[in-house]
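Reading the structure
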Amino acid sequence: MLLLEQNQLLMKQVALLQSQVQSSQARSEAMSVQEVAQSKLFQSHTQLLEGVDPALQKVFLDFEKEAKHVFEAWETQKKLFEKYSKLNEEGRLHNHLQAEADYKWQWTKLYLAKAQPVSDDQDMVEDGYNVAEDWARMRRRHAEECFEFICKHQKQCVALYEQEVSLPVLQQKLTDRLDAWFAEQAFDDLEVQRVLKQRACQFVQSFVRATRPKIQTRMAKDKEQQQKREQVLLEAKSKWEEMDVKDVLSPALFELLDAKQKRSCKIKEDSALAFLVKDNEELCRRHNVKIVSEAAYKGVHNLVPSDVLCVPKFVLLHVARSGKFIPTRKATNVKDILSGLDALKRQLLLCRVFQGNAACVSKCRLKSTWQPPGSAGVDAFVRLLSHELTQFEPKTFKSNQSWFDRKAKAWLRQHADLVAVVDCDKGLGDCLVLRSWLVEQVQLQLAQGYVQLSPVELQKKVAELKFGADAMVQFFFSSGVLSLAERDFLLSKFQVSAVGIFRILVKVHKQPVSSRPICNVRNSWYGPFSTFLVERLGPLMPQLDSVIVSSDQLLQQLKPLRCDAAMRFVTLDIVNLYPSVDRKHLMSIVGPFVRQSFNHSALGDFIVKALELVLEACVVSFQGLLFEAQDGIPTGLSVAGILANIYLWHFDRYMSRMCGCDLQILRRYIDDLLLLWAGDVQSLVEKAEGWHPSLKFQVSGEMEVPFLDFHLSILPNRRVHWKLFEKPQNLYLYAPAFSNHPASTFASLQLGGAIRCERRNRLFSDYAASIRSFRRRLKDRGFDLAGFDRLLARYRAKRMRRHAAPGLVRKAFLKLPYNKDISASWVSQKLRQFEPLLRQSVPALKLTTSWSVGRSLFQSRYKQ
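A quick note: this is a predicted structure, and the numbers were derived from the prediction, not measured.

**Focus on a nonpolar patch on the surface**
On the surface, a cluster of nonpolar side chains totalling about 500 Å² of accessible area is made up of Tyr-103, Trp-105, Trp-107, Tyr-111 and Leu-112. Checked against the element boundaries, Leu-112 lands in helix 4 (residues 109–114). Residue Leu-112 is classed as partly exposed on the basis of its relative accessible area of 32%.

**Quick look at the pattern of salt bridges**
Under the definition given, this model contains 38 salt bridges. Notably, a salt bridge pairs Lys-830 with Glu-388, separated by 3.1 Å at the nearest N-O pair. Residue Lys-830 is located in helix 28 (residues 824–833), and its partner Glu-388 is located in helix 13 (residues 376–389); the two are separated by 442 residues in the primary sequence. With relative accessibility at 12%, the residue Lys-830 sits in the buried group. A relative accessible area of 6% places Glu-388 in the buried class.

**A word on the pairing of strand 10 (residues 619–622)**
With two bridges joining them, strand 7 (residues 500–507) and strand 10 adopt parallel strand pairing. Note on strand 10: the bridge partner recorded for Gly-500 is Val-620. Here strand 10 pairs with strand 11 (residues 625–629) via four bridges, running antiparallel. If you follow Phe-622 over to strand 11, its bridge partner there is Leu-625. From the end of strand 10 to the start of strand 11, which pair antiparallel, there are two residues, and Gln-623 there has a positive phi angle of about 55°.

**Section: the confidence of the model for the protein chain**
Looking at the protein chain as a whole, the pLDDT averages 83, with 87% of positions reaching at least 70. Across residues 244–262 the pLDDT falls below 50, and counting only partners more than four positions away or on other chains, this stretch makes five contacts in the model.

About the cut-offs
Residues numbered from 1 in each chain as written. Predicted model: local features only at pLDDT ≥ 70, side-chain atom pairs only at ≥ 80, totals over all residues. Heavy atoms only, no water. Patch = residues over 30% accessible without salt bridge, like charges linked within 9 Å, V, L, I, M, F, W, Y side chains within 5 Å. Areas by Shrake-Rupley, 256 points an atom, 1.4 Å probe, with all protein chains shown as cover. Salt bridge = Lys/Arg side-chain N within 4 Å of Asp/Glu carboxyl O. Helix = DSSP H or I, 4+ residues; strand = E, 2+ residues; numbered from the N terminus. Buried < 20%, exposed > 50% of the residue type's maximum accessible area, 1.4 Å probe, protein only. Pairing = 2+ DSSP bridges. pLDDT = per-residue confidence, 0-100. Contact = heavy atoms within 4.5 Å.

What follows is the structure, encoded as structure tokens:
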């Protein structure tokens with residue numbers, strides 16, 4: 001035991017000695033590291049890179065290169081500021097502004113002698129008024145204001161660059177790049193990271209200490225040389241004044257340029273040059289000029305009688321570009337590119353807080369203003385991305401509107417009181433109509449169920465409806481039927497006083513040409529109620545077995561169908577469904593159905609009362625007059641289609657009972673009915689009109705019938721045959737290839753059309769004919785058919801691989817205004833550049849771009 005105690009005591013002494021040795025070694029190493037660090041402070045920034053990983057050295061060198069560019073820009077802007085300040089002190093203007101101030105207007109001598117002031121200022125009325133002097137004073141004043149504006153912004157620009165070249169900002173930029181590199185290399189040694197960040201701070205300090213004095217010395221030398229040049233120039237001017245003019249020789253050299261081209265010169269058909277030379281064949285042949293069309297003109301729906309007003313062809317060509325055409329904007333600047341960064345940062349922080357797949361969120365809620373907690377990783381990513389996007393330079397592009405377009409717009413504005421551009425029904429394009437015909441059609445539609453109101457009557461009606469709606473919402477909220485978010489959403493637009501807008505769609509496929517009424521009530525105070533009804537009643541649609549919501553759904557039901565003997569296809573159309581519906585009959589059918597669907601709960605009662613509210617509250621305006629919809633279903637309500645389907649589903653059941661064995665199948669797409677019928681067609685119409693006298697029916701097809709976008713017929717084996725149906729009046733005015741749309745829009749247009757041709761034809765021969773027609777229409781709209789073939793081949797190859805569907809991944813979008821001078825691939829590359837740094841904070845995330853396009857061609861005052 002004594003030996004054991006002695007051994008333990010000896011071991012403790014050895015351990016104590018080892019700890020003392022280790023602490024002394026640590027102190028010596030720390031002192032050596034400190035000495036080395038202090039010695040490094042006196043080394044250049046390039047020497048500080050010794051011992052740094054070669055891959056990481058590239059980050060330092062790239063930062064050095066960018067920082068040099070920033071210092072050069074700071075030097076340039078500071079020189080300009082000094083130059084402008086000197087001009088301002090001397091009371092002089094910049095040369096460009098001085099030239100503008102000195103510009104003289106060519107007044108006639110008679111007017112110079114008799115000119116009088118046009119201002120209301122009495123002090124200017126005097127006998128010796130001189131319009132030329134007044135003009136010169138005004139231009140001088142404007143030039144001085146412009147120069148003052150430039151000087152102020154130049155001062156702000158210098159202050160901005162002073163901040164960018166400051167030591168803390170540069171150190172923060174390099175630290176962010178190190179964080180991104182650590183994330184990309186999955187480097188998680190915190191001690192090494194700390195040491196490298198200290199090395200980075202020393203690197204920036206050494207770089208600034210070496211760079212800034214050089215620039216300041218160079219600026220001082222340039223200033224001194226400038227003063228010398230000004231002195232020499234002053235002496236030269238003095239000598240010039242002493243010279244005789246006869247001793248001054250000014251030789252001039254003129255070069256004659258041959259206008260002939262060795263190869264053909266192609267000019268566009270809608271250009272001003274083509275307008276001048278197209279009638280001179282000799283001139284075109286001599287200079288080898290060829291006039292080509294950008295997109296073939298295939299006509300436009302022109303309902304303006306030629307005896308009333310002759311519409312020029314260039315106006316028709318302009319309208320044929322279609323309302324889907326987006327004109328190019330002015331050149332994109334850096335602010336446009338950086339405009340979506342704040343919203344992107346908020347999305348990233350939200351994705352960090354709410355990780356996992358996003359659940360389906362109800363639309364019946366107000367937009368949240370909650371700000372998620374910050375993140376150092378997200379902040380660093382946004383700073384780096386902002387710095388990269390600041391380097392944006394727009395591509396060179398030409399406007400996609402020609403001289404003819406500008407002339408056509410001027411013609412339409414000039415004749416806005418005579419003609420209007422109106423959308424066609426069924427998506428058949430745009431058409432030109434007389435404004436008198438437009439007003440006449442609107443009056444005809446308003447005569448069906450609309451009553452004019454005075455402003456006082458409108459104010460009284462809206463006040464009563466709002467009081468009733470508020471009491472109803474508060475009652476059902478207190479009863480627990482509505483949540484707090486739903487209550488706030490339903491009452492969110494009560495401060496809105498605007499009413500809907502009444503317009504029409506032209507039915508060019510009808511003879512004579514008629515119209516369809518449209519009530520645009522999206523921004524009305526009861527709009528949230530309509531949104532709530534759509535969300536609640538939408539899930540009831542699958543219960544309506546006779547209702548068709550898409551062509552694909554109809555196709556799935558027709559594929560296995562075998563038609564009985566003596567059966568034939570018949571299509572019926574309800575004449576003016578929405579204005580013709582009897583509102584009392586509508587609610588007597590829809591109300592019990594809704595209450596039964598919600599098990600006669602209080603929610604069903606609220607939905608029925610909300611339906612009555614949105615039907616009663618519809619007020620629209622046209623040309624300053626107010627009209628109230630007292631009957632029918634307003635077509636602009638988002639719930640109108642669902643409401644019509646629920647109402648007419650009971651009509652479908654009635655027809656099934658009344659027709660018996662003569663009816664094999666009945667399918668309906670809102671007001672269009674498809675039936676397999678074996679009896680007399682006239683008796684079918686009589687049975688249909690026997691349901692309620694407000695609805696009138698007409699036969700639109702029999703045997704081989706068009707329905708939706710199908711042409712249906714029955715084969716000898718009693719199977720259904722279908723092929724793509726194309727309306728003769730459809731001009732297929734797709735968005736032109738030169739429209740200001742992203743490339744993804746054109747890819748979707750081409751692929752969607754090709755897939756539609758494939759799915760809507762049962763036989764390959766019909767598919768081949770449809771795809772040929774589609775290719776021809778693409779060519780007419782300016783698309784490259786070779787590019788279309790490549791796009792279709794890539795899609796088919798991808799479809800053949802049949803990859804397993806990946807799991808849902810949360811997405812964050814950088815939203816940008818699209819223009820032709822933005823490279824989408826450049827923006828995507830910048831987003832991917834620092835993804836490893838972002839994934840440390842938000843692991844499962846897909847970062848991509850989304851584009852917003854500008855106003856379409858006909859969103860102007862000459863439209864209805």
